[in-house]
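Secondary and tertiary structure notes
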Amino acid sequence: MNEKNLKKKKNALQYDRERAFFIATQPAKNVCEILETTRAGLPEEEVETRRKQYGENEIAREQRDRGLVMFIKTFINPFIGILMGLALVSLVIDVWMAEPQDREWTTVIIISAMVLLSAILRFVQERKSDIASEALQKMVNNTASVYRDGATESQEINIEDIVPGDVVYLAAGDMIPADMRIIESKDLFISQSSLTGESDAVEKTPELNGDASQLKSITDCNNISFMGSNVVSGSAIGIVFATGQSTYLGTIAKSLTGVRAQTSFDIGINKVSLLLIRFMLVMVPFVFLVNGITKDDWFDAFIFAISIAVGLTPEMLPMIVTSNLAKGAVTMSKRKTIVKNLNAIQSFGAMNILCTDKTGTLTHDKIILERYLNVAGKEDIRVLRQAYFNSFFQTGLKNLMDKAILSHVKELGYENLEEQYKKIDEIPFDFSRRRMSVVIEDSNGQRQIITKGAIEEMLAICSYAEYNGKILPMTQELREMVLRESNAMNDGGMRVLGVAQRNWIEKNHSFAVEDESDMVLIGFLAFLDPPKESAERAINQLHAHGVEVKVLSGDNEAVVKAICRQVGVDTTFTLDGGEIETMSDEALKERIGEVKIFAKLTPMQKTRIITMLQEQGNTVGFLGDGINDASALRQSDIGISVDTAVDIAKEAADIILLEKDLMVLEEGVIEGRKIFGNIMKYIKMTASSNFGNMFSVLAASAFLPFLPMLPIQLLIQNLLYDTSQTAIPFDRVDKEYLKKPRKWDASDLSRFMIFIGPISSIFDITTYLLMYFLIGPMVFGGVAYHVLDGAQQLEFAKLFQSGWFIEGLLSQTLIVHMIRTRKIPFIQSSASLPVTLSTLAVMAVGIVLPFTGLGSQIGLVPLPFSYFPWLIATLLCYCVLTQVVKTWYIRKFSRWL
């Protein structure tokens, strides 16, 4: 194809409103010509040409950041900004403004090291999570049915491979893969809620209804379906006229791919961050003024205040949060679970109610056709035959029951069924009728309509029943007998469908729901959908971890109860869709807590139940895989689906299970609570430590004639402490903590700071007294500080600073072990090996540092061995007092992490 023709074709196919309206107003028979395609589809050579011209069928999405971009973004947070600002101040004062011989790079280097440590660790964890998720995402594909190369049967291709001019077949459950003009349809209803906000599905037909000039929006065109919408019921054939960024959805993609809404967890983390920043901004000027006034050296006071600001900045918080979530995603990926949204893992831990569909989640994917009975309750091959016709000739989404029926092809000898019968029309399934019909014609030209569906809905359209070879009116007695037979099979855990027919149909086209009348009920189909072996164990484990399980099913109440009894769900209270429909919101809210089983629900009723549970303060998860589950998946706090789910369900879910192992749910709950617990450890350690340090620094600044620690020493101490915190995401969490759902609640954070923070200050002050009145004078021959000359006072100050450096570092590091558990640390609960090794390593470095050349360069001096027994006693007393206060605090407030 030459360049001129390519340009012409691009102009003909490029999406815009005028073009879309033009295509909508053309007769269906002319659309193929306008879009330069045929009803049999495009040849492969033309597909490749158009793919090169228009690119892949993708819209702008929130793409995962790659390499350098992801690394740069790890630096974008307020704490890193504060540290970089402090580093810049130090660079100006210590380097640019200083004489060449006095230039000091140490502060800049240490702050930069702290920033890099936080950023690199965060980047590594995020990258690991992305790599694991990408590997799994490649295993999940959304597909579309397309006619190409003149084939009579459609073929499944990836949605990304669709090009303008492709002829696409649509059925219930499909996502619309591109903007399309409908040229054939059968009872096609499409949900456009993601584009228009309308909750009701709209009917689409081949020809435009009404005057095009009266349409207010392109989405009002009843013969165009748009990318991003989905088929609720019916079937259709359409021709693609816009793909990717040229679609209606593509034009608004930027507004759809913005920053996701913040969860309560996000908001809570931000509030804590702002609290700690405000605390630092108030504290630092105060320390600067006190030291400047008492020491009369404003330059040193300023540098000291900068170091305090660095120490009070919890720069590791973003790393701790991200690393915890990313580690959780990696852990889940090992169980072949795709985490589409990192925060979904934390929501797992907060979830206290799991609502689940029954079919394919609690039960096996493969349904078995156990019995095919006539109305008299006897096995009848004719019932199976009529059901086979219905399932074989329907063009909609074949569900598990259809597949079970079709598996009997050899038994019926219907390998060449299409040679004996042909389909005239069909009336597709929808969730309000809960039945579907086909109209077929045999080789003699005789037509019949065959319908199968839920028993109650079938009885509503059957005026007759075939009983013992005779066609009898559907009397009340006969109706009750049918229901008794159905209920008996339901009570045995079997799903029951009715099969009905009407012969000698004279009508030959345009069949509709009204034609499902005066039917003859001929029998039952009974399906066994056994529960999964893992279902009962998984539900018991969820109950043990404080997660209540509710079953939200569209199935018959008796069947749902039979399955629920087998898997351990309480069947005492139930509600069905008919009852819910008549209940007010207030009445439903009163019942919704005690009811565990909801049966015969419509999709909107599932969503209504989840919304009400959320309004009552619950964190609600939903597990589903069907068309009727998509709305509930979107509404829930954490939507969980499976790889074999319909496209719209996978798109709506936060988490996708590649293997239907329900035990993964328990692991997700535990992982979410571990993540939450480890994040709360860091937040409470940091908040209480900073609060305690405030008193320690203020006391030292007010009463000591020298700085309690040099700025460089504070920076080194903070760098070592931060290093010990990097292992927190890998810490274990007490089993007791994992037993209950964990929701963000920082209401006791200030109380925790007030009671726990000052404990460290007590022992900081005792260390001041020890160094100033005992160790210092002992080293200098019993002479007090104020009697010493200037050089000796400088050495005395170094000795003091070295003593507080070690005690402050060790007490800060030990607090990790004290706060991480409600129990007695080291005895009743021990930290994970990474945490233990990191804290031991940092403590060892802190003790050894004053005895090294590096220590002397930063103003530290070796301490006498008489100091260390006092240090051990101080740390032991600190641990004991903290444990006593912790025990009292837990008894008093019933809270800890």
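That block above? That's the structure.
Residues numbered from 1 in each chain as written. Predicted model: local features only at pLDDT ≥ 70, side-chain atom pairs only at ≥ 80, totals over all residues. Heavy atoms only, no water.

A closer look at the overall build of the chain
Counting its secondary structure elements, the chain contains 34 helices and 23 strands. In terms of its C-alpha atoms, the chain occupies a principal-axis envelope of roughly 125 × 70 × 45 Å. When the 897 residues of the chain are sorted by exposure, 56% land in the buried category. Looking at the chain alone, contacts between residues at least 24 apart form 74% of all its contacts between residues at least 6 apart. (Helix = DSSP H or I, 4+ residues; strand = E, 2+ residues; numbered from the N terminus. Buried < 20%, exposed > 50% of the residue type's maximum accessible area, 1.4 Å probe, protein only. Contact = heavy atoms within 4.5 Å.)

Some thoughts on the packing of aromatic side chains
For the coordinates displayed, the defined rule picks out 32 aromatic pairs. Between the aromatic rings of Phe 389 and Tyr 421, the centroid separation amounts to 4.6 Å while the plane-to-plane angle is 50 degrees, which identifies the pairing as tilted. Residue Phe 389 is located in helix α15 (residues 381-393), and its partner Tyr 421 is located in strand β11 (residues 421-427); the two are separated by 32 residues in the primary sequence. Each member of the pair, Phe 389 as well as Tyr 421, carries the same accessibility label: buried. Between Tyr 867 and Phe 868 the ring centres are 5.3 Å apart and the planes differ by 80 degrees, which places this aromatic pair in the edge-to-face class. Exposure class is identical for Tyr 867 and Phe 868. Each is buried. Three or more aromatic residues link up through ring pairs in this structure, and these residues are Phe 706, Tyr 768, Tyr 772, Phe 773, Phe 780, Tyr 785, Phe 796, Phe 800 and Trp 804. For Arg 39, the ring lying beneath its charged end belongs to Tyr 147, and the centroid distance is 5.2 Å. Residue placement shows Arg 751 over the ring face of Phe 893; its charged tip is 4.0 Å from the ring centre. (Phe/Tyr/Trp six-rings, centres within 6.5 Å; stacked < 30°, edge-to-face > 60°. Lys NZ or Arg CZ within 6 Å of the ring centre and 35° of its normal.)

Section: the environment of Phe 527
As for its placement among the helices and strands, Phe 527 is situated in strand β17 (residues 519-528). In this structure the C-alpha to C-alpha distance between Phe 527 and Asn 444, which are 83 residues apart in sequence, comes to 33 Å. Those residues in contact with Phe 527 that sit more than four places away from it in its chain are Ile 367, Ile 368, Leu 369, Glu 370, Met 401, Ala 404, Ile 405, Gly 493, Met 494, Arg 495 and Leu 497.

Quick word on a nonpolar patch on the surface
On the surface, Leu 68, Ile 72 and Ile 76 cluster together into a nonpolar patch covering about 330 Å² of accessible area. Mapped onto the elements, Leu 68 comes out in helix α5 (residues 67-73). (Patch = residues over 30% accessible without salt bridge, like charges linked within 9 Å, V, L, I, M, F, W, Y side chains within 5 Å. Areas by Shrake-Rupley, 256 points an atom, 1.4 Å probe, with all protein chains shown as cover. Salt bridge = Lys/Arg side-chain N within 4 Å of Asp/Glu carboxyl O.)

Digging into helix α21 (residues 533-544)
When we look at burial in α21, the residues that qualify are Ser 534, Ala 535, Ala 538, Ile 539 and Leu 542. The buried residues of α21 all sit within an arc of 130 degrees when viewed along its axis, so they share a single face. For α21, the exposed residues set more than 90 degrees away from the buried face come down to Glu 533 and Arg 537. Each element contacted by the buried residues of α21 is listed here: β9 (353-356), β18 (548-552), α22 (557-567) and α28 (663-703). Positive backbone phi, at 80 degrees, marks Gly 546, one or two positions downstream of α21. (Arc of directions from axis to C-beta.)

Let's talk about the pattern of salt bridges
Summed over all chains, the structure comprises 29 salt bridges. The partner of Glu 184 in a salt bridge is Arg 39, with the nearest N and O atoms 3.0 Å apart. A residue pair is termed long-range when its members are at least 10 positions apart, and Glu 184 in strand β4 (residues 179-191) and Arg 39 in the loop between α3 (28-34) and α4 (44-54) qualify at 145 residues. Overall, Glu 184 belongs to the partly exposed group, its relative accessible area being 37%.

A closer look at the environment of Cys 877
Structurally, the position occupied by Cys 877 is in helix α34 (residues 867-893). In this structure the C-alpha to C-alpha distance between Cys 877 and Phe 763, which are 114 residues apart in sequence, comes to 8.4 Å.

Some words on the environment of Val 845
Among the structural elements, Val 845 can be located in helix α32 (residues 833-848). Placed 39 residues apart in sequence, Val 845 and Ile 806 show a C-alpha to C-alpha distance of 9.5 Å.

A look at the nonpolar core
Counting residues in hydrophobic clusters, the biggest one holds 165 residues, and the most contacted among them are Phe 348, Phe 598, Ile 640 and Ile 683. For this core, the leading source of residues is α28, giving 17 residues. Setting aside residues up to four positions removed in sequence, Phe 348 forms contacts with Met 332, Ile 638, Ile 640, Ile 655, Leu 665, Gly 668 and Val 669. The next biggest cluster of nonpolar side chains, apart from the first, holds 27 residues, and it includes Leu 369, Val 383, Val 520 and Leu 525. (Core = buried A, V, L, I, M, F, W, Y, C linked by side-chain atoms within 4.5 Å.)

Observations regarding unusual backbone geometry
Despite not being glycine, Asn 468 has its phi angle at roughly 55 degrees, a positive value. Phi is positive for Asp 518, close to 55 degrees, though the residue is something other than glycine. One can find Asp 518 in the loop between β16 (494-503) and β17.

Here's the deal with the packing of helix α12 (residues 298-312) against α28
Taken N-terminus to C-terminus, the directions of α12 and α28 make an angle of 165 degrees; their axes are 11 Å apart at the nearest point. One way to sum up the angle between α12 and α28 is to call them roughly antiparallel. Judged by the twist between their axes, the crossing of α12 over α28 is right-handed. Of the residues in α28, those touching α12 at Phe 304, Ile 308, Gly 311 and Leu 312 are Asn 690, Val 697 and Ser 701. By residue class, the composition of the contact of α12 with α28 is four nonpolar, three polar and no charged. (Axes fitted to C-alpha atoms, helices over the stretch in contact; angles between N-to-C directions. Parallel < 35°, antiparallel > 145°, perpendicular 65-115°, else oblique. Left-handed = near helix turned anticlockwise from the far one by under 90°. Nonpolar A, V, L, I, M, F, W, Y, C, P; charged D, E, K, R; others polar.)

What about the sheet that holds strand β19 (residues 574-576)?
Here we have eight strands laid out as an open sheet, ordered β8-β23-β22-β21-β9-β18-β20-β19, and mixed in their pairing. Across the chains shown, the open sheet's two edge strands, defined by having one partner strand only, are β8 (337-339) and β19. On average, adjacent strands in this sheet sit at an angle of 20 degrees to one another, irrespective of strand direction. Where β8 lies against strand β23 (residues 655-657), three bridges are found, and the strand directions are antiparallel. By the bridge assignment, Ile 338 is partnered in β23 with Ile 656. (Pairing = 2+ DSSP bridges.)

Points about the packing of helix α13 (residues 317-333) against α28
Remark: α13 packs on α28, axes separated minimally by 10 Å, with the N-to-C direction vectors making an angle of 165 degrees. Taken as axis vectors, α13 and α28 run roughly antiparallel relative to one another. Regarding α13 and α28, the two cross each other, and that crossing is right-handed. Contacts from Leu 317, Ile 320, Val 321, Asn 324, Leu 325, Lys 327, Gly 328, Thr 331 and Met 332 in α13 reach Val 664, Glu 667, Gly 668, Glu 671, Ile 675, Asn 678, Ile 679, Tyr 682 and Ile 683 in α28. In the contact of α13 with α28, the residues fall into 10 nonpolar, five polar and three charged.

Description of the state of the cysteines
Scanning all chains against the criterion turns up zero disulfides. In this structure Cys 355 is not part of a disulfide, and its nearest cysteine sulfur, from Cys 564, lies 12 Å away. The structure places no disulfide on Cys 877, whose sulfur is separated from the nearest cysteine sulfur, that of Cys 879, by 9.5 Å. (Disulfide = S-S within 2.5 Å.)

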